[in-house]
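Structural characterization, general
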Amino acid sequence: MYANQKNKLYILMEYLEFELPIKELEDQLQKCRVIGKESEVDVTETCIQIEKKLKVTTTDIYKNLSPWQKVQLSRHPNRPYTLDYIKAICGDSFLELHGDRNVKDDKAMVGGLGKIGDQSFMFIGQQKGVNTKTRQYRNFGMANPEGYRKALRLMKSAEKFGIPVVTLIDTPGAYPGLEAEERGQGEAIARNILEMTRLQVPVIAIIIGEGASGGALGIGVGDKVLMLENAWYSVISPENCSSILWRSWEYKEQAAEVLKLTAKDAKKIKVIDEIIKEPLGGAHRDRIKTFETVKTVILKHYSELKNLSPEVLVNNRMEKYSEMGVYKG
């Protein structure tokens, strides 16, 4: 996915199946421009026509995405991950902190202190890899119990010094291995949910990609829960839901539909508070714009929360989650 040309790192764009019409037009546009540069033929009008068609095609494709296509987009190999957001938002001020002071440092869960302007934040989130080696190193973004305990340690440190917490959620789920269960995976996630409900500092949670099951909930309790437009948030992934209900992964598209896992669905049932608009084509199409949008949203919500007393913060948070799933006839 990454290549080096003249000592500059750039991202090789990859395309999902439903994006292939866009790829064809972009290839045509690129060839047209090359012809214009290498010959005396005036291709200006042709390029303009291709650009117009590309814009219309792109708009039509992305405004009519199915839930399964949104799941695919949330997993796009070019999509920015947690550390991409943190480094873009905080720059050189980010200081990563390691270890749970008990077992080890879980590479699937990252966290540390960073500044936006003059305000310090404790950033915590799951981190995926960009190639085979780093995906294995990061365990595909699936944290072990020590990852959640590291996250809790950082949250409690933030609470001690009055620093607001920002969590960035992007995981296919907590690691389901035997050794994770032996070290108390369920207890670690449950403990985090309990402790996050009563943290006495502002907590802003943002689903930036995949938000699956308890793996997401382990750092997903907040005063404000936000979700990128093409992310998904559900109790189970479409593939696993399909395998349980139909004994096959072939029905994953149908499962994605019935799970109501899109940002619009989550907002409708009040599981999240706000949808963060992505650039046309997804966050990977314009990373800089996406980073700026997320940064602005963090500051906006922090400004709404910073003057609330710890007691009000906790009471509002508890009330917010107590009302979820309650039906009033």
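Since the structure is predicted, the reported quantities are computational estimates derived from the model, not experimental observations. (Residues numbered from 1 in each chain as written. Predicted model: local features only at pLDDT ≥ 70, side-chain atom pairs only at ≥ 80, totals over all residues. Heavy atoms only, no water.)

**A word on the nonpolar core**
For the record, the criterion: What makes a nonpolar core is a set of buried Ala, Val, Leu, Ile, Met, Phe, Trp, Tyr and Cys residues whose side-chain atoms join them at distances within 4.5 Å. Any residue under 20% of the maximum accessible area for its type is buried, any over 50% is exposed, and the rest in between are partly exposed; the area is computed with a 1.4 Å probe on protein chains only. The contact criterion used is simple: two residues touch if any of their non-hydrogen atoms lie within 4.5 Å.
The biggest cluster of nonpolar side chains holds 58 residues, and the ones touching the most others in it are Y85, F123, I124, I206, L228 and I298. Those residues in contact with L228 that lie beyond four places of it in its chain are R79, Y85, I206, I207, I208, A263, I276, E278, A283, T290 and V294. Within the second largest apolar cluster, 14 residues are counted, among which are F18, L25, L54 and L65.

**Points about the pairing of strand β4 (residues 109-116)**
Cut-off, in case you're wondering: The numbering of helices and of strands both runs from the N terminus, where a helix is a DSSP run of H or I of at least 4 residues and a strand a run of E of at least 2. Whether two strands pair depends on DSSP finding at least two bridges between them.
Burial runs high along β4: six of the eight residues are buried. Sheet topology note: the strand β3 (residues 95-96)/β4 ladder contains two bridges and is antiparallel. Among the inter-strand pairings, E96 is bridged to a residue of β4, identified as G112. Here eight bridges tie β4 to strand β5 (residues 119-126), and the two strands are oriented antiparallel to one another. Bridging across to β5, V110 finds its partner in G125. Joining the antiparallel neighbours β4 and β5 is a turn of two residues, in which G117 adopts a positive phi near 65°.

**A look at the packing of helix α10 (residues 238-245) against helix α11 (residues 252-259)**
Rules: Between N-to-C directions, angles span 0 to 180 degrees; the directions come from axes that are lines fitted to C-alpha atoms, helices contributing only their stretch in contact. When describing relative orientation, an angle under 35 degrees is termed roughly parallel and one over 145 degrees roughly antiparallel, while 65 to 115 degrees is termed roughly perpendicular and anything else oblique. Each residue is assigned to one of three groups, with Ala, Val, Leu, Ile, Met, Phe, Trp, Tyr, Cys and Pro labelled nonpolar, Asp, Glu, Lys and Arg labelled charged, and all others, Gly among them, labelled polar.
Between α10 and α11, the least distance of the axes is 8 Å, while the angle of their chain directions is 105°. By the angle between their axes, α10 is roughly perpendicular relative to α11. Contacts from P238, E239, C241 and S242 in α10 reach K252, A255, A256 and L259 in α11. Here the contact of α10 with α11 is composed, by residue class, of five nonpolar, one polar and two charged.

**Things to note about the pattern of salt bridges**
Convention followed: Every case where a carboxyl oxygen of Asp or Glu lies within 4 Å of a side-chain nitrogen of Lys or Arg is listed as a salt bridge.
Counted under the stated rule, the structure contains 24 salt bridges. Notably, a salt bridge pairs K150 with D105, separated by 2.7 Å at the nearest N-O pair. Here K150 is found in helix α6 (residues 145-160), whereas its partner D105 is found in the loop between β3 and β4, with 45 residues between them in sequence. Of the two residues examined, K150 and D105, each falls in the buried class. The residue K156 makes a salt bridge to E159 at a minimum N-O spacing of 3.1 Å. In this pair, K156 and E159 both sit in helix α6, three residues apart, roughly one turn of the helix. The network of salt bridges with common partners includes R149, K156, E159, E187, R191, E195 and R198.

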